[in-house]
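Reading the structure
Each chain, written out:
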Amino acid sequence: MSFDNVIESGRRRDTRLGLFFAGLFILFGLLPLADLGTWGMHIVILVMMYTSLAGAWSILGGYTGQFSVGHSAFFGVAGYTMGIMMARGISGPWGGAAVGVILAMILACLVGVCTARLKGIFFTLTTFALAEILRKLSLFQDNLTGGPLGLSLVLPGVTKTQFYYVALAMMASVFLAMFLLERSRFGFYCQAIRENEDAARATGINTARIKLQATVLSAFFTGLGGAFYAAYIGVIEPDVVFSFNLSIKIIILAIIGGSGTLIGPILGAAIVIVPEEIIRGSLGGSYAGVSGIAYGLILIVVILLKPNGVRSLLAFAIPHKRD
């Protein structure tokens, strides 16, 4: 295949991808007109929120190969910052969200600098320790964080439809970032680090800088998700927003859908979140662990049958940069 044919094939793939995602976002944009009801709208909002979080993690874990299990740290910092600022009357939700996201990015800078030479299990353990430290601090800082009970937020006049379109905009921004990442020099550097960091460094790539930038970008979108969660749910608790379970759930969504792919996050969220919420809504609190068992079984089946994620089943229809 000649160079011109390769370029033309890439353009056709990008066109197909653009059309697919344009149609997907138009569909999501029209869903509120279908009278989904309060519960249906809630499920779709959660799918979009977790899609954004899984996509944010995939920027670092999927494309760059830095396996973080502490993304709840960025999520919780943004959420708590927004909650504290609103509770003390310092700012409204938009100002609190902006400051929260900035603090999440600053935290990511510190993490990136401190872990510049770490990889593999050592990086993973460091991110886990960070989230656990923040969880412990928030539990015992009653005057600031509300302690174990957390903080409650009230956003009067904000409708579920408005939350829906904010979640849609957040999801679209994550997809756009991933799309541009795949086609940028920075994205190629990230993937080179994922495949072989030593070889990437030997070719002249500043691996420490690239990993730092990927960490900050991932934290930016995770912080957005944390601020949105705080505003939407209205309650921020340390054992939820800083929990290990949240970090693992985000990773599971990315892996089930296909880590390091555009379509992976939304596939993972749809496959896991929809049945999880239906089971939780149908069975109530009497069988609280059933939903967790369900997505655990889904993960096992996907890893055994499709280790590259469910996205590999759709390769014929949804092209990807690796194809």
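See the structure shown above.
This is a predicted model, so every value here is computed, not measured. Residues take numbers from 1 onward in each chain, read along the sequence in its written order. Local features in this predicted model are restricted to residues whose pLDDT is 70 or higher, and side-chain atom pairs enter the listing and the counts only when it is 80 or higher, whereas totals over whole chains, interfaces and linings include all residues. Side-chain metrics rest on all non-hydrogen atoms present in the structure, leaving aside hydrogens and water.

1. A look at the overall build of the protein
Formally: Secondary structure elements are defined from DSSP: runs of H or I of at least 4 residues count as helices, runs of E of at least 2 residues count as strands, and each element is numbered from the N terminus. Buried residues are those whose accessible area, probed at 1.4 Å on protein chains only, stays under 20% of the maximum for their type, while exposed residues exceed 50% and partly exposed ones sit between those limits. In what follows, a contact means two residues having at least one pair of non-hydrogen atoms within 4.5 Å. With residues, only the protein chains shown are counted as cover, and all accessible areas are computed by Shrake-Rupley using a 1.4 Å probe.
Within the protein, the regular secondary structure consists of 14 helices and two strands. The buried share of the protein, reckoned over its 323 residues, is 49%. Across the protein, the fraction of contacts at a sequence separation of at least 24, relative to all contacts at a separation of at least 6, is 78%. For the protein, the computed accessible surface area is about 15,000 Å², with 68% contributed by carbon and sulfur atoms.

2. Here we look at the packing of aromatic side chains
Rules: Between 30 and 60 degrees the pair is tilted, below 30 it is stacked and above 60 it is edge-to-face, where a pair is any two Phe, Tyr or Trp rings, Trp via its six-membered ring, whose centres lie within 6.5 Å.
Within this structure, the stated rule accounts for 13 aromatic pairs. For the pair phenylalanine 163 and tyrosine 232, a centre-to-centre distance of 5.2 Å together with 70 degrees between the ring planes defines the contact as edge-to-face. Of this pair, phenylalanine 163 sits in helix α7 (residues 160-182) while tyrosine 232 sits in helix α10 (residues 207-233), and the two are 69 residues apart along the sequence. Tyrosine 232 matches phenylalanine 163 in its accessibility class, with the two residues each being buried. Note on phenylalanine 228 and tyrosine 232: the rings are 5.7 Å apart at their centroids and 10 degrees apart in plane angle, and the pair reads as stacked. Residue phenylalanine 228 and its partner tyrosine 232 are both found in helix α10; the two are separated by four residues, about one turn of the helix. Assessed through its relative accessible area of 6%, phenylalanine 228 is described here as buried.

3. Brief notes about the layout of surface pockets
So the rule is basically this: Points on a 1 Å grid, built from protein atoms alone, make a cavity when a 1.4 Å probe fits but cannot get out and make a pocket when they are open with protein on both sides within 12 Å along at least 5 of 7 lines; residues with an atom within 4 Å of a point are the lining residues. Grid points are joined across faces, edges and corners, and a volume is the space filled by probe spheres set on the points. Put simply, Ala, Val, Leu, Ile, Met, Phe, Trp, Tyr, Cys and Pro go in the nonpolar bin, Asp, Glu, Lys and Arg in the charged bin, and everything else, Gly too, in the polar bin.
Its boundaries defined by the atoms lining it, the largest pocket holds a volume of some 470 Å³. What lines the largest pocket is a set of 20 residues, and nearest its centre among them are Tyr50, Tyr229, Val240, Lys249 and Arg280. Contributions of two or more residues to the lining of the largest pocket are made by α2 (37-63), α10, α11 (238-241), α12 (244-257) and α13 (264-283). Sorting elements by how many residues they give to the lining of the largest pocket places α2 first, with five residues. Within the lining of the largest pocket, the residues separate by chemical class into eleven nonpolar, three polar and six charged. Size it by volume and the second largest pocket reaches roughly 380 Å³. Considering the residues around the second largest pocket, the lining is formed by 16 residues, among which Trp94, Ala97, Val166, Phe228 and Ala231 are closest to the centre.

4. What about the nonpolar core?
The line we're drawing: For our purposes a nonpolar core is just a set of buried Ala, Val, Leu, Ile, Met, Phe, Trp, Tyr and Cys residues, chained together by side-chain atoms within 4.5 Å.
Within the largest apolar cluster, 89 residues are counted, with the highest numbers of intra-cluster contacts made by Phe28 and Tyr50. It is α2 that provides the largest number of residues to this core, a total of 16 residues.

5. Observations regarding the packing of helix α8 (residues 185-195) against α10
Spelled out, the test is: The axes are straight lines fitted to the C-alpha atoms, using for helices just the contacting stretch, and the angles between their N-to-C directions are given from 0 to 180°. Note on terminology: angles under 35 degrees are roughly parallel, angles over 145 are roughly antiparallel, angles of 65 to 115 are roughly perpendicular, and the others are oblique.
Packing of α8 against α10 leaves a shortest axis separation of 10 Å and a crossing angle of 110 degrees. With respect to each other, α8 and α10 are oriented roughly perpendicular. Where α8 approaches α10, its residues Phe186, Tyr189, Cys190 and Ile193 are matched on the opposing element by Thr207, Ile210, Lys211, Gln213, Ala214 and Leu217.

6. Digging into the packing of helix α3 (residues 72-87) against helix α5 (residues 121-140)
Here α3 crosses α5 at 30 degrees, and the two axes come no closer than 8 Å. Only Leu130, Ala131, Leu134 and Ser138 of α5 make contact with α3, whose side of the interface consists of Ser72, Ala73, Val77 and Tyr80. For the contact of α3 with α5, the per-class residue count stands at six nonpolar, two polar and no charged.

7. A word on the side chain of serine 68
Summarising the element assignment, serine 68 is placed in the loop between α2 and α3. Taking relative accessible area as the criterion, serine 68 reaches 2% and is therefore assigned buried. Look past the residues within four positions of serine 68 in its chain and what remains in contact with it is Trp57, Leu60, Phe123, Thr127 and Ile251.

8. Let's talk about the side chain of threonine 127
By secondary structure assignment, the location of threonine 127 is in helix α5. With residues near it in sequence (within four places) discarded, threonine 127 still touches Phe67, Ser68, Val69 and Gly70.

9. Regarding a nonpolar patch on the surface
Selection rule: Only residues whose relative accessible area exceeds 30% and that form no salt bridge enter a patch; like-charged residues are grouped when within 9 Å of one another, and nonpolar side chains (Val, Leu, Ile, Met, Phe, Trp, Tyr) when within 5 Å. Whenever a carboxyl oxygen of Asp or Glu lies within 4 Å of a side-chain nitrogen of Lys or Arg, that contact is scored as a salt bridge.
Together, Ile293, Leu297, Ile300, Val301, Leu304 and Leu305 make up a nonpolar patch on the protein surface, roughly 640 Å² of accessible area in all. Mapped onto the secondary structure, leucine 305 falls in helix α14 (residues 290-305).

10. Here we look at the pattern of salt bridges
One pass over the structure, following the stated rule, counts eight salt bridges. Put simply, glutamate 195 and arginine 194 hold a salt bridge, and the shortest N to O gap is 2.9 Å. Salt bridges linked by common partners bring Glu197, Asp198, Arg201 and Lys211 together as one network.

11. Remarks on the environment of phenylalanine 122
For phenylalanine 122, the position within the fold is in helix α5. The exposed category is assigned to phenylalanine 122, whose relative accessible area is 55%. Measuring from C-alpha to C-alpha, the distance between phenylalanine 122 and phenylalanine 67 comes to 9.7 Å, with 55 residues separating the pair along the chain.

12. Focus: α3
We count it as follows: Every helix has an expected span of 1.5 Å times one less than the residues it contains.
Under the 1.5 Å per step criterion, the end-to-end length of α3 is 22 Å for 16 residues, consistent within 8% with the ideal 22 Å. Among the 16 residues that make up α3, 15 are buried, leaving the element largely enclosed by the rest of the structure. In the stretch just after α3, glycine 89 is the one whose phi turns positive, near 70 degrees.

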